[in-house]
Amino acid sequence: MITIVLADDHPIVRQGIRTLLTAEPGYQVVGESADGLAAVRLVEQLQPAVLVVDLMMPGINGLEVTRRVCALPSPPQVIMLSMHADEVYVLDALRNGAAAYVLKENDTAQLISAVRAVVSGQRYLSPPLSERAIDSYMRQSHATPLDAFDLLTMREREVLQLVAAGRTSPEIAAHLNISPRTAETHRANLMRKLGLHSQAELVRYAVQRELTPPSVD
Amino acid sequence: MPSRSLSVSAKTVRISVLEKRIATLEAALATQSQAAADLRRSEARLAVLADASHCFAAASTDLARLSRTMTGYVAHRIGDLCALRLISLDGTTLITAHTAHAHPEAQALVSAIDQIPQRVDVGHTRQVIRDGKPLYMPCVAQDSFRAAVPPQFLPYLDRFGVDSIIIVPLRERGQVIGTLTLTRNTGGAPYTPDDLAMLQDLADRAALVVAYAQLVGAWREATRIKDDTFALLNTIFASIPVGLGVLDADLRYIRVNQTLAAIDGLPAIVYPGRTPAELLSGLASAFEPFLRQVLTTGNAIHDVEIRGVTLTNPGEPRTWLTSYYPVRGNLHVVTGVGVVMVDITERTQAERVLRERDEQLRLAYDAAQLGTWRYDIVTGIIQLDARAQLHYGLKSDAVPAARILAQVHEDDRTVWWQTVSATADSGGDGRAMAEYRVVHPDGDVRWIATHARVYVADTGAGCHPVLSSGTSQDITTRKQVEDQVRAALAAEQQARAAAEQATLRIGRLQTMTAALAAALTRDDVVRIILDQICQATGAMSGTLLLRDARGDLLEIVGQTPPSVVQNPPRPTPLDAPLPSAQATRTQTAIWIESVAVGEAQFPGFGRQFNDHGISAYAALPLVTAGMGIGVLSLGFATTQTFSADDRVLLLALAQQCAQAIDHARLYAEVQEAHSRLQYLSHRLLETQEQERRHLARELHDEVGQALTGLRLSLELASRLQPEARADRLAEAHRATQDLITQVRALSLDLRPAMLDDMGLLPALLWQINRYREQTGITVDLRHWGLEKHMPPTVETVAYRVVQEALTNIARYAQVPTAIVSLLASPEQLLIQVRDVGLGFVLEEALSSARSSGLTGMQERVALLNGTLNIETAPGMGTCVTAELPLDAEP
């Protein structure tokens with residue numbers, strides 16, 4: 001007998017899912033809850049084999065519920081029900097310990113497949129979700145090597161190079177055909193963006209970046 | 001029936017005659033009662049006048065008593081205040097003889113006011129004195145009356161008030177000699193024309209009495225003076241050591257003094273009525289001819305020596321110097337002769353006395369440091385004593401006149417010659433004095449004063465000056481003191497004038513400051529500065545220059561007087577070598593006192609002074625909050641010294657101007673912010689409405705349609721046999737699926753739940769995927785430091801900035817790729833969205849339909865105190881960079 005706890009704030013959805021699950025031989029829904037905190041208590045108390053939890057719930061959401069029940073001494077297999085087909089949610093659910101991620105909009109029969117999969121120790125993702133898409137998303141969400149220099153405006157890059165070449169603000173202004181005050185503003189902005197606080201730091205930065213002074217004459 | 005008709009007609013005639021008589025009688029009665037009333041009034045007036053005359057008579061010629069009596073009488077009989085004022089002898093002042101008041105409490109006040117003399121040309125009395133006609137104001141118009149009342153009367157006016165007033169002139173032989181004023185306190189009845197007539201009568205009488213009293217006073221004074229003179233003459237007559245005698249037309253003695261009697265050896269009392277021959281048989285024949293000659297000719301005879309014996313010196317003839325004078329009575333007729341006799345027998349003694357006096361004179365000369373000289377006009381030689389030689393810087397006691405002239409300072413030679421000529425002129429009084437400079441051989445310049453007297457000799461062919469002599473005195477010290485005093489006086493006057501000027505200028509400064517404080521807009525401030533600067537500072541011209549928006553140019557915002565130059569004034573670069581630029585840069589005033597100074601400090605600049613007709617220049621920096629915002633330059637028509645006070649004053653003025661300009665700027669900013677806020681509120685509402693419209697259409701057109709289709713499918717299914725339902729239900733299932741997708745898309749478009757649930761990075765990833773799906777543009781997302789959570793406001797703004805920038809790229813850039821970079825540091829989040837597409841002209845975009853998106857971005861960033869920078873140009877791609885601070889919550 002597979003014991004199941006159901007957590008969803010919509011009674012109609014809950015009723016539908018219960019009908020679906022109890023129709024399967026060997027499945028028993030032992031508890032139901034309409035919010036996240038109650039679900040965690042129920043799981044703690046009943047120690048079911050499976051928890052079917054909706055991602056969107058009042059109080060604490062399904063992701064948080066998953067994290068908490070997975071920290072229990074004998075955690076259930078968690079099946080996440082969700083409207084969201086976005087990889088970020090799937091990834092978060094899996095990271096928090098969920099074994100399956102089932103899209104609500106899909107055929108409800110998938111839920112049965114999910115229960116079967118998780119009790120036999122497998123992961124289950126509703127189509128069109130796939131491990132490959134999640135991997136791709138994880139790659140995308142990884143931070144890329146990026147330094148502040150890339151975010152300087154073109155003008156700020158020009159000013160940076162001229163400053164590194166030892167030019168004064170009036171000289172830079174004359175060279176770029178802008179006012180000394182504007183040149184001064186560019187210089188302050190780029191130093192702020194680069195996190196530099198002095199002329200010395202600025203020159204050192206330029207040397208490290210191998211910013212060769214352009215010909216300004 | 002003719003007789004009857006006649007009789008009736010006769011009766012009618014009689015009745016009509018009777019009626020006429022009755023009417024006449026009634027008229028007569030009315031006239032009579034009128035006359036009786038007039039009579040009563042006249043009698044009352046006469047009684048008053050009679051009483052007054054009695055009083056005046058009692059006062060007699062005592063002016064003070066008369067004044068008291070008359071004013072007291074009128075004050076009590078007619079009421080309430082009566083004042084007698086008399087014009088001073090010089091005609092300028094009105095002196096109050098006395099003011100009486102019917103009420104004792106007012107009397108003290110008016111007596112105090114009486115002490116203050118009043119000028120004849122002020123107050124209500126002025127026109128009375130001028131025209132000689134009464135002023136009659138039965139009911140006083142308070143405001144205009146008060147305005148003309150001299151200030152010393154105001155306390156009285158405030159305390160007791162005046163409701164009715166009469167002022168009549170005191171006329172004496174056609175001339176106004178004073179006024180008689182009668183006023184009634186507040187609450188009194190108006191004066192009647194009778195009161196006026198009576199007061200004028202009283203005044204006329206009083207004028208007579210006053211004139212009489214004045215005459216009597218004058219006569220008494222004259223008598224006293226005459227008596228004094230007589231007493232003095234008598235004393236002189238008796239005590240003078242000269243023999244004096246007066247004889248009548250018959251040459252009988254009237255009177256002689258003791259000295260004359262002593263000369264003759266007779267007692268003085270025997271002389272009156274007797275002739276000289278009766279008294280002095282020996283001497284009479286010697287002077288009687290002169291007495292007769294005076295009687296006959298009326299001319300005096302001077303200095304006649306007679307010799308003879310008298311009873312005093314029977315055996316020893318003596319010599320007298322005698323003079324004879326006509327004594328004139330009324331009508332200038334000679335009524336007698338006066339004799340003066342001086343015994344000159346003791347001539348030797350007199351000569352000795354003379355020598356002593358000469359010596360004394362010498363001593364006096366010495367004491368006064370006087371030199372003496374003699375100028376022999378005939379020979380042209382001037383003799384000088386030792387001190388005179390010192391005075392003229394000469395070492396010779398006799399020199400030609402030309403030698404002296406050579407010593408005189410060349411500027412003063414005319415003076416010297418004029419003096420010499422004056423002394424040589426026989427027609428003059430023979431006296432002259434002059435002050436001139438003498439240059440000593442050692443170069444020392446001394447001031448010399450000379451007094452000269454000329455002596456004339458009768459050569460038979462007329463009178464000629466032959467000799468002049470005089471004194472010389474060194475007055476250098478006195479001159480120096482005089483110069484010092486004159487310089488001190490001039491300095492004092494100058495200082496006073498400067499002080500007055502300063503006071504005037506401070507007043508103008510205050511006016512200007514007040515006007516500036518009241519001005520709100522920059523235009524007003526500039527106008528006030530230009531309108532008033534010249535008057536407030538004494539400058540001839542003023543120019544107001546302010547830094548432009550970028551801060552490196554000085555723009556002329558106004559000139560006074562308005563420039564006549566055709567071309568618009570060129571802005572001055574802030575680093576130009578000009579006073580205005582330097583003053584702004586250094587925030588230090590520049591003072592150029594003269595053309596030369598200007599040229600020295602700013603080569604080329606001082607020379608322009610002449611073009612503008614100015615001689616001095618000041619550049620006053622306008623500084624607010626430590627920032628030089630511009631300069632106020634002033635040109636002066638004359639060379640200036642710019643004293644410390646001047647500088648403080650001008651700098652204070654510049655400070656006021658700077659503050660006013662800054663306030664105007666703040667005011668404009670507030671106005672701008674206010675209108676911006678209004679604009680944004682307006683746009684918020686507009687956007688909200690637009691979103692609602694969009695949402696409503698989506699719900700109705702898409703969701704509504706889908707739901708309708710779903711309902712139709714389900715209805716159809718319910719009517720079908722169970723076995724035929726499956727297809728319909730599958731259809732309904734698909735429709736439901738579509739519906740879910742649609743609602744989800746709608747909700748995500750509005751705001752992705754992911755931004756709230758999962759943070760910025762997942763939301764951006766979702767957005768970029770969706771963007772690629774919708775537009776086919778690949779986005780290269782680069783990020784660093786986005787794992788940590790940032791404030792929701794920052795994440796929302798970042799999300800929207802990227803969304804808006806990407807939307808623009810899709811619409812306008814025509815590129816297959818875009819680069820989005822985000823970099824979060826502890827202090828800030830940097831966002832950059834870049835493409836290498838078409839680019840655009842920023843200014844055009846901001847004024848076109850695209851502007852609402854760009855402006856929206858700017859507004860969102862600005863709300864977080866961030867900055868947004870858009871770099872673009874046609875063909876150069878676009879780079880949008882936003883900086884959002886993280887360390888400070890807005």
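Residues numbered from 1 in each chain as written. Chains lettered and ligands numbered in written order. Predicted model: local features only at pLDDT ≥ 70, side-chain atom pairs only at ≥ 80, totals over all residues. Heavy atoms only, no water.

**Q** Is there a simple way to explain the overall build of chain A in this structure?
**A** When you go through chain A residue by residue, the secondary structure sums to ten helices and six strands. The globule rule puts the C-alpha radius of gyration for 217 residues at 17 Å, and the 29 Å found for chain A is more than 25% above it. In terms of overall dimensions, chain A has C-alpha extents of about 85 × 30 × 30 Å along its principal axes. A total of 217 residues make up chain A; the buried ones form 46% of that total. Partitioning the contacts of chain A with sequence separation of at least 6, the portion at a separation of at least 24 is 60%. In the form shown here, chain A has an accessible surface area of approximately 10,400 Å², with 52% of it arising from carbon and sulfur atoms. In chain A, which carries 20 positive and 24 negative side-chain charges, the distance between the mean positions of the two groups comes to 4 Å. (Helix = DSSP H or I, 4+ residues; strand = E, 2+ residues; numbered from the N terminus. Rg over C-alpha atoms; globule rule 2.2 N^0.38 Å. Buried < 20%, exposed > 50% of the residue type's maximum accessible area, 1.4 Å probe, protein only. Contact = heavy atoms within 4.5 Å. Areas by Shrake-Rupley, 256 points an atom, 1.4 Å probe, with all protein chains shown as cover. Lys, Arg positive; Asp, Glu negative; His and termini not counted. Charge placed at Lys NZ, Arg CZ, Asp CG, Glu CD.)

**Q** Would you mind going over the state of the cysteines with me for this structure?
**A** Each disulfide is one covalent bond, formed between the sulfur atoms of two cysteines. Summed over the entire model, instances satisfying the criterion amount to zero disulfides over all chains. In this structure Cys534(B) is a free cysteine whose sulfur lies 12 Å from that of Cys657(B), the closest cysteine sulfur available. (Disulfide = S-S within 2.5 Å.)

**Q** Can you help me understand the domain arrangement of chain A in this one?
**A** When the parts come together, some accessible area is lost, and that loss is often what is quoted as the size of the interface. By domain assignment, chain A separates into domain 1 (2–141) and domain 2 (148–208). Placing a centre on the C-alpha atoms of domain 1 of chain A and another on those of domain 2 of chain A gives a separation of 55 Å. (Domains from an automatic or database assignment.)

**Q** I tried to follow the side chain of Gln389(B) on my own but got confused; where do I start?
**A** Residue and element names in this part refer to chain B. By the element assignment, Gln-389 lies in helix H12 (residues 386–392). Judged by its relative accessible area of 15%, Gln-389 falls in the buried class. If we skip the residues at most four places from it in the chain, Gln-389 touches Leu-384, Leu-394, Lys-395, Ser-396 and Asp-397.

**Q** Would you mind showing me how to read the pairing of strand E24 (residues 778–784) of chain B here?
**A** Regular strands place their side chains on alternate faces of the sheet. Residues and elements named next belong to chain B. Here E24 shows a clear split, with Val-779, Leu-781 and His-783 buried on one side and none of Thr-778, Asp-780, Arg-782 and Trp-784 buried on the other. Two strands pair when backbone bridges link them, and E24 and strand E25 (residues 817–824) are joined in this way by seven bridges, in the parallel orientation. Bridge pairing in E25 links Thr-778 to Thr-817. Assessed by its sense of winding, the connection that carries the chain from E24 through helix H24 (residues 792–813) to E25 is left-handed. (Pairing = 2+ DSSP bridges. Right-handed = clockwise from strand over helix to strand, strands pointing away.)

**Q** What is the right way to look at the environment of Leu622(B) in this model?
**A** With respect to the element layout, Leu622(B) can be found in strand E22 (residues 616–624). Sequence separation between Leu622(B) and Arg274(B) is 348 residues, and the spatial gap between their C-alpha atoms is 108 Å.

**Q** Even after reading the chapter, I still don't get the packing of aromatic side chains, so can you show me in this structure?
**A** Where two aromatic rings form a pair, the distance of their centres and the angle of their planes describe that pair. This model, assessed by the stated rule, comprises five aromatic pairs over all chains. With centroids separated by 5.3 Å and ring planes inclined at 35°, the aromatic side chains of Tyr156(B) and Phe160(B) adopt a geometry described as tilted. The structure contains a cluster of three or more aromatic residues connected by ring pairs, namely Trp591(B), Phe636(B) and Phe642(B). The aromatic ring of Phe149(A) is capped on one face by Arg157(A), whose charged end is 5.1 Å from the ring centroid. The residue whose ring lies beneath Lys479(B) is Trp447(B), and the NZ or CZ to ring-centre distance is 4.3 Å. (Phe/Tyr/Trp six-rings, centres within 6.5 Å; stacked < 30°, edge-to-face > 60°. Lys NZ or Arg CZ within 6 Å of the ring centre and 35° of its normal.)

**Q** Sorry if this is basic, but what is going on with the side chain of His84(A) here?
**A** With respect to the element layout, His84(A) can be found in the loop between strand E4 (77–82) and helix H4 (87–96). By relative accessible area, His84(A) is classed as buried at 10%. Contacts of His84(A), omitting those with residues within four sequence positions, involve Met56(A), Tyr89(A), Tyr101(A), Leu103(A), Arg744(B) and Ala753(B).

**Q** When you look at the domain arrangement of chain B in this model, what are you seeing that I'm missing?
**A** For chain B, the domain assignment lists domain 1 (1–58), domain 2 (60–219), domain 3 (240–345), domain 4 (358–474), domain 5 (497–672) and domain 6 (758–885). Domain 4 of chain B and domain 5 of chain B are separated by 64 Å when their C-alpha centres are compared.

**Q** Teacher, can you tell me more about the sheet that holds strand E27 (residues 867–872) of chain B here?
**A** Two pairing modes exist for strands in a sheet, parallel and antiparallel, and in both the strands are linked by backbone hydrogen bonds. All names here are of chain B. Across the sheet, five strands lie side by side as E24-E25-E26-E28-E27; this open sheet has mixed pairing. Where the open sheet ends on each side, the last strands, each with one partner, are E24 and E27. Strand-to-strand twist in this sheet, taken as the mean axis angle between neighbours without regard to direction, amounts to 10°. Pairing geometry for strand E26 (residues 828–835) and strand E28 (residues 878–885), over eight bridges, is antiparallel. In the strand pairing of E28, Asp-835 is matched with Thr-878. In this fold helix H23 (residues 760–775) packs onto E24, E25 and E26, with an angle of close to 170° to the strand it touches most, E24. (Axes fitted to C-alpha atoms, helices over the stretch in contact; angles between N-to-C directions.)

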